[in-house]
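Analysis of the macromolecular model
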Amino acid sequence: MKGLIRNNFYTVESSLKATLLLSFAASLVLTIAAMITGNSSNLLSLIVSANLVGYGSLATTLIQKDAASKWNKFELTMPVSRKDVVTARYISSLLYVLIGTFVSIVSAFVFHLATGSLNWDRAGYGFAFGIGFALSLPTFMIPLVISFGTDKTEPFMLVSIIAGLVLFFGSSVVTGSFLNASEHADFIFRLSYVAFSIVLFVVSYLFSCWLYKKKELN
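Here goes a summary of the coordinates provided. Small disclaimer: the values here were computed from a predicted structure and weren't measured. (Residues numbered from 1 in each chain as written. Predicted model: local features only at pLDDT ≥ 70, side-chain atom pairs only at ≥ 80, totals over all residues. Heavy atoms only, no water.)

For the rest of this paragraph, the subject is the side chain of Ser92. Tracing the backbone shows Ser92 in helix α5 (residues 82-115). Within polar-contact distance, the side chain of Ser92 engages the backbone oxygen of Ala88 at 2.8 Å. Aside from chain neighbours lying at most four places away, what touches Ser92 is Ile5, Asn8 and Phe9. (Helix = DSSP H or I, 4+ residues; strand = E, 2+ residues; numbered from the N terminus. Polar contact = N/O pair within 3.5 Å; in protein donor to acceptor, adjacent residues only side chain to side chain. Contact = heavy atoms within 4.5 Å.)

Right under this line is the structure:
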């Protein structure tokens, strides 16, 4: 299992390094822009959500690179089970999101030191959307790839992105219709959206394990 997770990180090593550099550079530029324009709240939300989405997309990069290298043809020759393969992929996806969360927290802290302001409400939206959307990418893409093969990763990635956006805006509409009169409607929406995204991630993992056990490998 550890070997599979380590291999997943080796596979996206160059993309991870590029994402790290890009995220810190973008955070620096947006922080400077906030200092100049005084529009700190919206830019902070953008920094947080963009960081999380960027690291979450590493899960799709992993699937694309595995497909290009035909790794799925060889990984089961190792002393691992099919469940181990799926578990390692979901754990890796979760670790990418956790890295993005850590980088976003650091970026928000630096942003606060530089601008002297920190809008917790906007930051909360950034973290909620970023975490939920980042989790939705592997949630939808992994079972699609297992079901239909690795030769259609680009369309599956597009479907996953659309599904993630629909999940976010759909959750906003559904919860908004019930929470309009609530004093803490925004907080409840953010919390419920992230919680639902986590539940879907777990359900997707269980479904993918079942699919991969049933799948005939060519």
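From this point, the narrative continues.
Following the criterion strictly, the structure yields 1 salt bridge and no others. Residue Glu13 is joined to Lys17 by a salt bridge in which the shortest nitrogen-to-oxygen separation is 3.3 Å. Highlighted residues: Glu13 and Lys17, both in helix α2 (residues 13-37), separated by 4 residues, approximately one helical turn. Since its relative accessible area comes to 49%, Lys17 is described here as partly exposed. (Salt bridge = Lys/Arg side-chain N within 4 Å of Asp/Glu carboxyl O. Buried < 20%, exposed > 50% of the residue type's maximum accessible area, 1.4 Å probe, protein only.)

This part takes up the packing of helix α1 (residues 2-11) against α5. Axis separation between α1 and α5 bottoms out at 9 Å; the angle between their running directions is 50°. Judged by the angle between their axes, α1 and α5 are oblique. Note that α1 runs across α5; the crossing there is right-handed. Contact residues: α1 offers Leu4, Ile5, Asn8 and Phe9, while α5 offers Asp84, Val85, Ala88, Arg89, Ile91, Ser92, Leu95, Tyr96 and Ile99. (Axes fitted to C-alpha atoms, helices over the stretch in contact; angles between N-to-C directions. Parallel < 35°, antiparallel > 145°, perpendicular 65-115°, else oblique. Left-handed = near helix turned anticlockwise from the far one by under 90°.)

Moving on, we come to α5. With 34 residues, α5 should reach 50 Å at 1.5 Å per residue; the first-to-last C-alpha distance of 49 Å fits that figure. Just downstream of α5 lies Gly116, where phi reads positive at about 75°. (Expected span 1.5 Å × (residues − 1).)

Our focus in this paragraph is the packing of aromatic side chains. In this structure the tally under the stated criterion is 11 aromatic pairs. Centroid distance Phe207 to Trp210: 6.0 Å. Interplanar angle 20°. Geometry classified as stacked. On the criterion of helical spacing, the pair formed by Phe207 and Trp210 is a turn pair, its members being 3 residues apart in helix α8 (residues 185-214). By relative accessible area, which is 43% here, Phe207 ends up partly exposed. A cation over an aromatic ring shows up here: Arg190 above the ring of Tyr125, its NZ or CZ 4.9 Å from the ring centre. (Phe/Tyr/Trp six-rings, centres within 6.5 Å; stacked < 30°, edge-to-face > 60°. Lys NZ or Arg CZ within 6 Å of the ring centre and 35° of its normal.)

Time to look at the nonpolar core. The biggest cluster of nonpolar side chains holds 42 residues, and the ones touching the most others in it are Leu44, Val86, Tyr90, Ile146 and Tyr193. Elements represented by at least two residues in this core include exactly α1, α2, α3 (40-56), α5, α6 (120-148), α7 (153-179) and α8. The element contributing the most residues to this core is α6, with 13 residues. Aside from chain neighbours lying at most four places away, what touches Ile146 is Val86, Ser208, Leu211, Tyr212 and Lys215. (Core = buried A, V, L, I, M, F, W, Y, C linked by side-chain atoms within 4.5 Å.)

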